[in-house]
Protein chains: 6
Amino acid sequence: MLRLSVPVGVRLETASQLDVRPGGAESNVAALLARLGRRTAWCGALPDSPLGRLAANHLRMAGVDLDGVIWDVDGRMGLYFVEFATPPRATQVIYDRAHSSAAQMTAAQMRWDHLLDTQLLHLTGITPALSADCRNLTEEAIQRARSAGVAVSFDVNYRAKLWSAAEAAATLGHLIEGVDLLFCSRADAVRLFGIDGAPADAVRCLAERSRAALTVMSVGAAGVVAWDGVTLHQQPARETVIIDRPGAGDALAAGVLAGWLAGDVALGLRYGVTLAALALSQHGDMVVTTLAELEQTVDGGAILR
Amino acid sequence: MLRLSVPVGVRLETASQLDVRPGGAESNVAALLARLGRRTAWCGALPDSPLGRLAANHLRMAGVDLDGVIWDVDGRMGLYFVEFATPPRATQVIYDRAHSSAAQMTAAQMRWDHLLDTQLLHLTGITPALSADCRNLTEEAIQRARSAGVAVSFDVNYRAKLWSAAEAAATLGHLIEGVDLLFCSRADAVRLFGIDGAPADAVRCLAERSRAALTVMSVGAAGVVAWDGVTLHQQPARETVIIDRPGAGDALAAGVLAGWLAGDVALGLRYGVTLAALALSQHGDMVVTTLAELEQTVDGGAILR
Amino acid sequence: MLRLSVPVGVRLETASQLDVRPGGAESNVAALLARLGRRTAWCGALPDSPLGRLAANHLRMAGVDLDGVIWDVDGRMGLYFVEFATPPRATQVIYDRAHSSAAQMTAAQMRWDHLLDTQLLHLTGITPALSADCRNLTEEAIQRARSAGVAVSFDVNYRAKLWSAAEAAATLGHLIEGVDLLFCSRADAVRLFGIDGAPADAVRCLAERSRAALTVMSVGAAGVVAWDGVTLHQQPARETVIIDRPGAGDALAAGVLAGWLAGDVALGLRYGVTLAALALSQHGDMVVTTLAELEQTVDGGAILR
Amino acid sequence: MLRLSVPVGVRLETASQLDVRPGGAESNVAALLARLGRRTAWCGALPDSPLGRLAANHLRMAGVDLDGVIWDVDGRMGLYFVEFATPPRATQVIYDRAHSSAAQMTAAQMRWDHLLDTQLLHLTGITPALSADCRNLTEEAIQRARSAGVAVSFDVNYRAKLWSAAEAAATLGHLIEGVDLLFCSRADAVRLFGIDGAPADAVRCLAERSRAALTVMSVGAAGVVAWDGVTLHQQPARETVIIDRPGAGDALAAGVLAGWLAGDVALGLRYGVTLAALALSQHGDMVVTTLAELEQTVDGGAILR
Amino acid sequence: MLRLSVPVGVRLETASQLDVRPGGAESNVAALLARLGRRTAWCGALPDSPLGRLAANHLRMAGVDLDGVIWDVDGRMGLYFVEFATPPRATQVIYDRAHSSAAQMTAAQMRWDHLLDTQLLHLTGITPALSADCRNLTEEAIQRARSAGVAVSFDVNYRAKLWSAAEAAATLGHLIEGVDLLFCSRADAVRLFGIDGAPADAVRCLAERSRAALTVMSVGAAGVVAWDGVTLHQQPARETVIIDRPGAGDALAAGVLAGWLAGDVALGLRYGVTLAALALSQHGDMVVTTLAELEQTVDGGAILR
Amino acid sequence: MLRLSVPVGVRLETASQLDVRPGGAESNVAALLARLGRRTAWCGALPDSPLGRLAANHLRMAGVDLDGVIWDVDGRMGLYFVEFATPPRATQVIYDRAHSSAAQMTAAQMRWDHLLDTQLLHLTGITPALSADCRNLTEEAIQRARSAGVAVSFDVNYRAKLWSAAEAAATLGHLIEGVDLLFCSRADAVRLFGIDGAPADAVRCLAERSRAALTVMSVGAAGVVAWDGVTLHQQPARETVIIDRPGAGDALAAGVLAGWLAGDVALGLRYGVTLAALALSQHGDMVVTTLAELEQTVDGGAILR
């Protein structure tokens, strides 16, 4: 997906220039893990056009393997338009991704051997919202990963502009049963699964709906809680000045996964909240950072000087 | 008028680029009411040059009828320069509108039938500050409107860089006697009319100086109060992040007028504070919005997500 | 349609900003005629979104009546991406207008009475290329116009990225039979209708395929020829420096129509080549000019000083 | 004066940004001579505002002494708007300098001792076009300079937007009688003084109207001719790509003066045509260069590599 | 030095444009004092290249005398790169000034008579950090100034990226013994000299290490304290919104020196905190202001209106 | 290396923004071959800083393997500043690469096994100009490649700002003896080796100084000639509009190498002149293109439409 945006204070309907940046929940996670030194690949469909290459360029720059990309000769690029705003207006998002290459990809096009040559497969609840084909593809990916002994990470990521809460709950409620790591915002837990209550309770309640060994619930400005079946992990959010909100949830997921891959969930949560803060303080959905910077930032906390 | 400005953090004296935007108290009100779906026209003088057309283009884009414009072949465009700033500096405004087409227009040039083909005529205290001709024109407009049964709305809008408080008080004190809706900031009430005290008292005190059926006093960050002879309306300001201050007062007036035209003063005040907040959160004097957005924003209050 | 472009020397696949401008063959003609003082309206479908309003704003600014716009609540905006280039690369265009509001409008949605309250209806061969609905709509429009005694102007405008030459020839060959003014580039005459030969012959040969009282053939840098059944009009192109090519053909059409509406075909051709040169020398598809500027430019020819 | 401009391809009436640059014929000459290492001062009136300081900053940066500036507390800055264009449109200039500080300065305000502490006083025909006061001031300056034994250089610089050719001819025809160096374009010689014919003849014909020891006539793309009473100097123009035309004539004058001050008229003409080409190839009226660059460029002629 | 920076929210490693601005502690002080009306000169080495002239242009624009500049034909310009940031990242600075003209200048190149034709010589602890030559040069400057009866002002300005605290303490501890005015931040007093405790005590403790008649200690957001051997001066910082931090310390020093030169230390501190706030609220290291603005701002404190 | 530039018409000494782009002769070739689908790696030293990562990001985006990069913890980035210009000024380049990480790398740091895991090693005459270490490194690379059976390609690329023609001739004359493919501009052949005469003769004369199986001589606007010991290949340059000259020679080399790797020298020359034209028509040293675009462009030659 490409994100076309206007800065705070400018209205989309009177814009004369749009900032172009890559986006997409899974690709944000892949790019960030690659920047932190992990071997990652992104598999999906892109139009074989300058717009498709634009998205690919950003992933390749981050170090993501693109050998599994399905290049769609006549496809269109998924777009989304963002009008950043301050209260009393909300930041406004217009999705324009119907009929995109991504929405039209099918399980038959996927290079499964390439996709599953990994420790971990990360999926989100946005893909099944795009089309019936995408729903099937997601389901098949989870099944194949399980058969291949590949851990599956899943971020619920409900998008009200793509489908209704009822549809999403039906589809996603089923999909999350079979995953190994589960990410869900507290708001989505309420909207989709009716799981309310204090975060510490809600995350455990959510965990019961899945076989996930780790369930992570983001609680906005309050940070994140996680439940691994034994321990309740809690990590407050880092203070920052919000410059660009989209992508913060993906950065959180990438941080948690980096910790999980290193065998340290608590470190993952600390990584996650720090990367989310880095995401908020930079333009764009994809976080530009290094492992060195993350480690320096996660330990001390920077002081502007 | 055209506004030429530099963004916060840049000094005018070292600028290499200026942002150009339309401005002008009456045209801001007209453009906003047009965007909210009201039939509006703006009557005034513009130079018949690219600069005059620049101003006209923005009004026409908003949907304002410009059939009453006096196109001045050899005129100059009124300009004002703005250097946005943060404390300890104040935002600085340099007016350069002497000898402009607007300052030189006369009652004889006005197409009165076109001007008065309306329910409501909106005037401000800036016009009579420009020249003796403009003072006469304003006076004649009020008289003609009354004769024609057209309601007159008047925003005091004292500009210290255009005339002294004493001059303004003399002229405006007289003009406001005959209007139907009166807008005045609390600061202007103090400076021009010596009306001090709590807003709830001050607005009633001000109301006594006019035949206005509705007197509206803006009280800065505290919001707005209004007196209709029976009820004291109070509406707190909306929270926002200030990006561009000029035009907020005009947005307030437009909102109040939209409510008044719909027969609901209280709604007008809620519209007004919301539109003022929208004005503060956007670049430019003229607010870009829609009635749908206003109604969505006025009801709930947006949360940045 | 919105046009998203990068300037010469920049590649789309490495862009970080896109220039946004309105486009669309019929709207370009309507906007230019409005700027020249003609009463014009544009009827078509736009999404009821900031992107749809962006397009509408530019038309309204030019003075075009938009009362006949079909506001499509859930529609998508037609887009096209342009990468301007110099040889050895060609300027590249990527259309992304499938499934747009425009491509999905139907005859049933059209406010026919509003559309036909005019002397002249201008259509292009792009609309029928968008969808079967659009093809039917175009056909119905021509029929209804004839019944209502409204002259129909038609610009062939073949777009190879939207349909094959064979398909276009079949559809357009039929449509042009019933029009009153016919515009076609020499290249399209060859590609679609196999009409080759010298322009003076080709235009007459093309004229035989239609009932058009005036047939106009643009011949690129060589200018334009026209045949009115009696006289062969020829007008060489104006010299210019090409800054932005799209829209030049629409400017030519607008100029010819302006002359035709004034009862002077020869003047129309002189207007047309001048407006085409103005289009080439400005950024954007829509030409910004005035009747005064056109008359000054068409007579003398400007010298850069 | 400040110059507010839009780049080629952009229309002033749809501009959202203006480039701000200093301008003014005399100040351009002073700044360029200062950059070439000459001690120079500029005397004139500027508003005591950020806009006045903006102009002063650029002169001070070039090394021009500003001790003789008349700081006008309530003055307005002279402006001019430029819309660069390519054929068939001409580059368009809108002057907005009536009532400016410069137009209102009087002989009584001038620090004559400071002004005349120089070898050479350079004046142009633009100043007397601004107001009656400016006309008197120019005349007095020439007389005082002659009394003080200071050479006077005068550039005719007729501006049709400021006064008629007849008015200009009357005033300037008188003024040039008493100067020591006279600059005039061939076009102005025709328009004001009816001096037509080949440049070699025209320059001698013009020279007879003045006591000037050197008369310099620019002949556009053909270069420049000069007559010193004995020798006819001819220097063809340098080839360049025109990026920004205003200021080229002032650059020519500065080059000729630099040569004249060094006692070498022929060198001055070679300097002049090179500086004019440098002016054309840079944005802005004021040329940024160094003596080293000039000498390197004047000798060889650069080849783009 | 030139500063190359990216704005908040942009990462240096993905930048496509850099803002270029002049910098350098001593030149910031000189430029600001010149803007406040003081006769100032800057002596140092610059490459004889466009980059060296870029730095010189900004100083000349401010009114600083550059006759003492050592133009280094083959030198390189000292650079520093700044990535502005918000927490959790700190603003990051990359120095690239090794082998620069400034780092290679020697005492033998200095025009001592020109340098010492002044009331006050201002030095900082950055210069001796650059090279052994610069260390010797600084030492010689202090000695020569004392011999010539010129007061020496010294700002400790420890830069951890240029040398270790131990090296700096050894060199600077020796240098500050012989100065007349001493500036040191509280953080540097701790790091270099182990002087801790309340500011009021620390500044007196620091004062004992020097013969300075005035010792000034900046205490960040808390403002500044100063000790003149008799009186303890305290001045709280001004409230502002930080737009660009570098240069605030130099602005404080310039303000204190302006007061000291006027014989009023307390005024100097008030000037200093106001100029520091002006520095923080503007882009760039060099403060653009006027004495009039300073006096207006220092007295009342501006309210954004 | 990073390239910091100002566009045509802007002077470096008055710049306020610099465009940042990656550069470097070998990296340009590597990036372009990678974009054409070849497996390529770049080995060299970069500072472990945002500036080093900026350069690496662009190479990684193009698809170049960076496993052989020597990350230099305290190094500085090589820079060069470009002021694009039109006649009479020449485009001016300021190198600032002394003491850079690249200039300080040694043979001992190189991962030779990685470097030589290739069919072809491409080197240029710029590297040995940087330092004695770089000279030794280049020599060792050629020897090791020959021992390992890896073909060596060498582009003479004389840079007068880095060393004298005599020094370059001595070093490079020796180095080119042992290479397999030799690139040299005609101008360098004259300056370094005194090889004058018609290109067809000069290329053969140059070929005698080396064991190269293919010697390629670029002849500016005339195109390129090549001698493979049997056949003289000639290929005229493609027409284009020059937007950005640096990098065209590297693009030529990449094209020739692409052809050579495919076993078709004549195709390589056609590729080369087309890629050089693409380089000239894009901003930046690195060419953005695809194999599909190259093949489409090389065959037909595009017509701007």
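What you see as residue numbers is a count from 1 along each chain, following the sequence as written. Both sets of labels track the order of writing: A upward for chains, 1 upward for ligands. The model is predicted, so local features are restricted to residues of pLDDT at least 70 and side-chain atom pairs to those at 80 or more, both for listing and for counting; the totals for chains, interfaces and linings are taken over all residues. Calculation of side-chain values draws on the structure's entire complement of heavy atoms; hydrogens and water are dropped beforehand.

Considering the interface of chain F and chain C
Facing 21 residues of chain F, the contacting portion of chain C comprises 15 residues. A quick way to say it: buried area is the sum, across both parts, of accessible area lost when two parts are put together, with a 1.4 Å probe. Carbon and sulfur atoms supply 58% of the area buried between chain F and chain C, which totals about 1600 Å² over both sides. Throughout this description, the term salt bridge denotes a Lys or Arg side-chain nitrogen within 4 Å of a carboxyl oxygen of Asp or Glu. Summed over the shared surface of chain F and chain C, the number is one salt bridge. A salt bridge links R11 of chain C to E293 of chain F; its shortest N-O distance comes to 2.5 Å. What counts as a helix is a DSSP run of H or I of at least four residues, what counts as a strand is a run of E of at least two, and both are numbered from the N terminus. At the level of secondary structure, the elements contributing two or more residues to the side of chain F that touches chain C comprise α10 (265-280) and α11 (291-300) of chain F. Broken down by element, the residue count for the side of chain F that touches chain C peaks at three residues, all from α10 of chain F. Residue classes in the side of chain F that touches chain C are distributed as nine nonpolar, eight polar and four charged. Residues count as neighbours in contact if any of their non-hydrogen atoms are within 4.5 Å of one another. Residue polarity follows a fixed list, in which Ala, Val, Leu, Ile, Met, Phe, Trp, Tyr, Cys and Pro are nonpolar, Asp, Glu, Lys and Arg are charged, and the others, Gly among them, are polar.

Observations regarding the interface of chain A and chain C
Taken together, the contact pairs 23 residues of chain A with 23 residues of chain C. Both faces combined, the contact of chain A with chain C buries some 2200 Å², and carbon together with sulfur accounts for 57% of it. On inspection of chain A and its partner chain C, the count reaches four salt bridges. A salt bridge links E13 of chain A to R53 of chain C; the shortest N-O distance between them is 2.8 Å. We define a polar contact as two N or O atoms separated by no more than 3.5 Å, with the added condition that, inside protein, one atom must be a possible hydrogen donor and the other a possible acceptor, whereas residues neighbouring each other in sequence contribute only through side-chain atom pairs. Across the contact surface, chain A and chain C share 12 residue pairs in polar contact (both at pLDDT 80 or more). If one sorts the elements of the side of chain A that touches chain C by residue count, helix α2 (residues 50-62) of chain A sits on top with five residues. Among the residues forming the side of chain A that touches chain C, the class breakdown is 11 nonpolar, seven polar and five charged.

Brief notes about the packing of aromatic side chains
Classification of ring pairs rests on two measures: the distance between centres of Phe, Tyr or Trp rings, Trp counted by its six-membered ring, which must be within 6.5 Å, and the angle between planes, read as stacked under 30 degrees, edge-to-face over 60 and tilted in between. Under the definition given, this model contains six aromatic pairs over all chains. Both rings, one in Y80 of chain C and one in Y95 of chain C, keep their centres 5.9 Å apart while their planes meet at 25 degrees; by these two values the pair is stacked. Remark: Y95 of chain C occurs in strand β6 (residues 92-96) and Y80 of chain C occurs in strand β5 (residues 79-83); sequence separation between them is 15 residues. Two conditions define a charge sitting above a ring: the NZ of Lys or the CZ of Arg must be within 6 Å of the ring centre, and it must be within 35 degrees of the ring normal. Above the plane of the ring of W227 of chain B lies R204 of chain B, whose end atom (NZ or CZ) is 4.9 Å from the centre.

A few points about the packing of helix α6 (residues 165-175) of chain A against helix α7 (residues 186-193) of chain A
Residue and element names in this part refer to chain A. Where α6 meets α7, the axes come as close as 8 Å, and the angle between the chain directions of the two elements is 100 degrees. Here α6 is positioned roughly perpendicular relative to α7, judged by the angle of their axes. On the side of α6, the interface is formed by A165, A168, A169, L172 and G173, while α7 contributes R191, L192 and F193. Classifying every residue of the contact of α6 with α7 by side-chain character gives six nonpolar, one polar and one charged. Each axis is a line fitted through C-alpha atoms, and for a helix only the stretch in contact is used; angles between axes span 0 to 180 degrees, taken between their N-to-C directions. Working rule for angles: under 35 degrees goes down as roughly parallel, over 145 as roughly antiparallel, 65 to 115 as roughly perpendicular, anything else as oblique.

Here we look at the relation of the copies chain F and chain C
Each copy is superposed on the other by least squares, with the fit set by C-alpha atoms of residues at a pLDDT of at least 70 in both. Superposition of chain F onto chain C requires a rotation of 120 degrees combined with a translation of 0.0 Å along the rotation axis, giving an RMSD of 0.0 Å. Expressed as a symmetry operation, the mapping of one chain copy onto the other fits a three-fold axis.

Concerning the arrangement of the chains
One finds no contact linking chain A with chain D; the least C-alpha distance across the pair is 9 Å. Nothing in chain B touches chain F, and the closest approach of their C-alpha atoms is 9 Å.

With respect to unusual backbone geometry
Of note, the amide linkage connecting P87 of chain B to P88 of chain B takes the cis form, showing an omega dihedral of 10 degrees. Residue placement: P88 of chain B occurs in the loop between β5 (79-83) and β6 (92-96). With a phi close to 45 degrees, N157 of chain D is a non-glycine residue in the positive phi region. Its location among the elements puts N157 of chain D in the loop between β8 (151-155) and α7 (165-175). Note on exposure labels: buried denotes an accessible area under 20% of the residue type's maximum, exposed denotes more than 50%, and partly exposed covers the range between, all computed with a 1.4 Å probe on protein chains only. Take N157 of chain D: its relative accessible area is 12%, and that puts it in the buried class.

Focus on the sheet that holds strand β11 (residues 224-227) of chain D
Residues and elements named next belong to chain D. In short, DSSP must find at least two bridges between two strands for them to pair. Spatially, six strands are ordered β7-β8-β9-β10-β11-β12 in an open sheet, and the strand pairing comes out mixed. Sheet topology places β7 (120-124) and β12 (232-235) at the edges, where each strand pairs with a single neighbour. Sheet twist, expressed as the average angle between the axes of neighbouring strands with direction ignored, equals 15 degrees. Looking at chain direction, strand β10 (residues 214-218) and β11 are connected through four bridges and run antiparallel. Paired with S218 across the strands is V224, a residue of β11. Helix-sheet contacts for helix α9 (residues 199-207) involve β9 (181-185), β10, β11 and β12, and the interaxial angle to β10 is about 135 degrees.

Some thoughts on the pattern of salt bridges
When their charged atoms lie close together, side chains carrying opposite charge are able to pair. Across all of its chains, the model carries 72 salt bridges over all chains by this definition. Among the ionic pairs, R211 of chain C bridges to D180 of chain C, the shortest N-O distance being 3.0 Å. A residue pair is termed long-range when its members are at least 10 positions apart, and R211 of chain C in the loop between α8 (199-207) and β10 (214-218) and D180 of chain C in the loop between α6 (165-175) and β9 (181-185) qualify at 31 residues. You can call R211 of chain C partly exposed: its relative accessible area is 39%. One salt-bridge network, held together by shared partners, links R11, E83 and R89 of chain A together with E293 of chain B.

Remarks on the packing of helix α1 (residues 25-35) of chain F against helix α9 (residues 248-261) of chain F
Working note: a packed helix pair is described by the angle between its axes plus the distance between those axes. All names here are of chain F. In the contact formed by α1 and α9, the axes pass within 9 Å of each other and the chain directions differ by 45 degrees. The angle between α1 and α9 falls in the class oblique. Along this stretch, α1 crosses α9, giving a crossing that reads as right-handed. Across from A25, N28, V29, L32 and L33 in α1, the residues of α9 making contact are D250, A251, A253, A254, L257 and A258. The residue makeup of the contact of α1 with α9, split by class, is nine nonpolar, one polar and one charged. Each crossing gets its handedness from the near helix: less than a right angle anticlockwise from the far helix is left-handed, clockwise is right-handed.

Some points on the environment of A56 of chain C
All names here are of chain C. In this fold, A56 is placed in helix α2 (residues 50-62). Overall, the relative accessible area of 0% leaves A56 in the buried class. Taking the C-alpha atoms as reference points, A56 and P22, separated by 34 residues in sequence, lie 8.6 Å from one another. Apart from the residues within four sequence positions on either side, A56 is in contact with L46, L66 and W71.

Digging into the relation of the copies chain A and chain C
For the pair chain A and chain C, the best superposition has an RMSD of 0.0 Å and corresponds to a rotation of 180 degrees with a translation of 0.0 Å parallel to the axis. Seen this way, the second copy is the image of the first under a two-fold rotation axis. Considering only C-alpha atoms, the residue of chain A closest to the rotation axis is L18 of chain A, which sits at 2.6 Å. Looking at the interface residues of chain A, 100% of them are also at the interface in chain C, so both copies use one shared face.

Such coordinate-based values are descriptive only and should not be taken to indicate function.
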